[in-house]
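Working through the structure, step by step
Each chain is listed here by its residues.
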Amino acid sequence: MLRRLVSRVYWACSRWRLVSEPAPDRPTVLVGAPHTSNWDFVLMLAIAWRLDVDVRWLGKKSLFAGWREPIMRALGGIPVDRSDAGRVVAEVVERVRAGEVFGLVVTPDGTRGAHQYWKSGFYRIAQEAGMPVTLGYVDRTTMTTGLGPTFELTGDVAADMDRIRAFYADKAGVRPHLRIEPRLRSEGTPDTPVD
């Protein structure tokens, strides 16, 4: 109740506009892209709280140190120990089987650093957990943000990524110069054949 009220105040005062498809009614991997700023976290919470989506998100273990741990967990955080990242998939599957309905927010374009490819973890988690993918977005050029389509992955990585690329083609992020084209390393580059 309080979260919804906070989100209404936020959207009433914000320069950003919420332009969204309806929130999914089942567990989903919620792709947050383009991830170009720490403000993406604030926008993600505002979207989730306004649309009444219970979110979980993955964060490096160091974010949960000391006094920050209860805050991060209350906001839906799941600490990831990068030395045992496979445990995260098992934990997500366990939560889904226990009947939890949530959006697992994953930012596959990483942590706003200079790199060429999206990380494939979102794809693996969705497939292994049997969850659809929901495309969340931020677009500074139109000052809009929200949720796009929700769909099942087919297992054809290139076709699925083509669909994802088409959706994000006109989405710039908060800092457009940091945007990364949605492409997995396993796909190669447009000029390089995939092994």
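For the structure itself, consult the block above.
**Quick look at helix H5 (residues 121-129)**
Residues of H5 that are buried include every one of Phe122, Tyr123, Ile125, Ala126 and Ala129, and no others. In an axial view of H5, the angular spread of the buried residues amounts to 165 degrees, which keeps them on one side of the axis. Those residues of H5 hidden inside the fold are in contact with strand S2 (28-33), strand S3 (55-60), helix H4 (86-97), strand S5 (103-106), strand S6 (133-139) and helix H6 (157-168). The positive-phi residue at the C-terminal boundary of H5 is glycine 130, with phi of around 65 degrees.

**Here's the deal with a nonpolar patch on the surface**
Together, Leu2, Leu5, Val6 and Val9 line one region of the surface with nonpolar side chains, adding up to about 380 Å² of accessible area. Tracing the backbone shows leucine 5 in helix H1 (residues 2-13). The exposure class of leucine 5 is exposed, given its relative accessible area of 51%.

**As for the pattern of salt bridges**
Evaluation of the coordinates by the stated rule reveals nine salt bridges. The salt bridge involving arginine 56 is made with aspartate 54; its shortest N-O contact spans 2.9 Å. Given a relative accessible area of 15%, arginine 56 falls into the buried group.

What counts, and at which threshold
- Residues numbered from 1 in each chain as written.
- Predicted model: local features only at pLDDT ≥ 70, side-chain atom pairs only at ≥ 80, totals over all residues.
- Heavy atoms only, no water.
- Buried < 20%, exposed > 50% of the residue type's maximum accessible area, 1.4 Å probe, protein only.
- Helix = DSSP H or I, 4+ residues; strand = E, 2+ residues; numbered from the N terminus.
- Arc of directions from axis to C-beta.
- Contact = heavy atoms within 4.5 Å.
- Patch = residues over 30% accessible without salt bridge, like charges linked within 9 Å, V, L, I, M, F, W, Y side chains within 5 Å.
- Areas by Shrake-Rupley, 256 points an atom, 1.4 Å probe, with all protein chains shown as cover.
- Salt bridge = Lys/Arg side-chain N within 4 Å of Asp/Glu carboxyl O.

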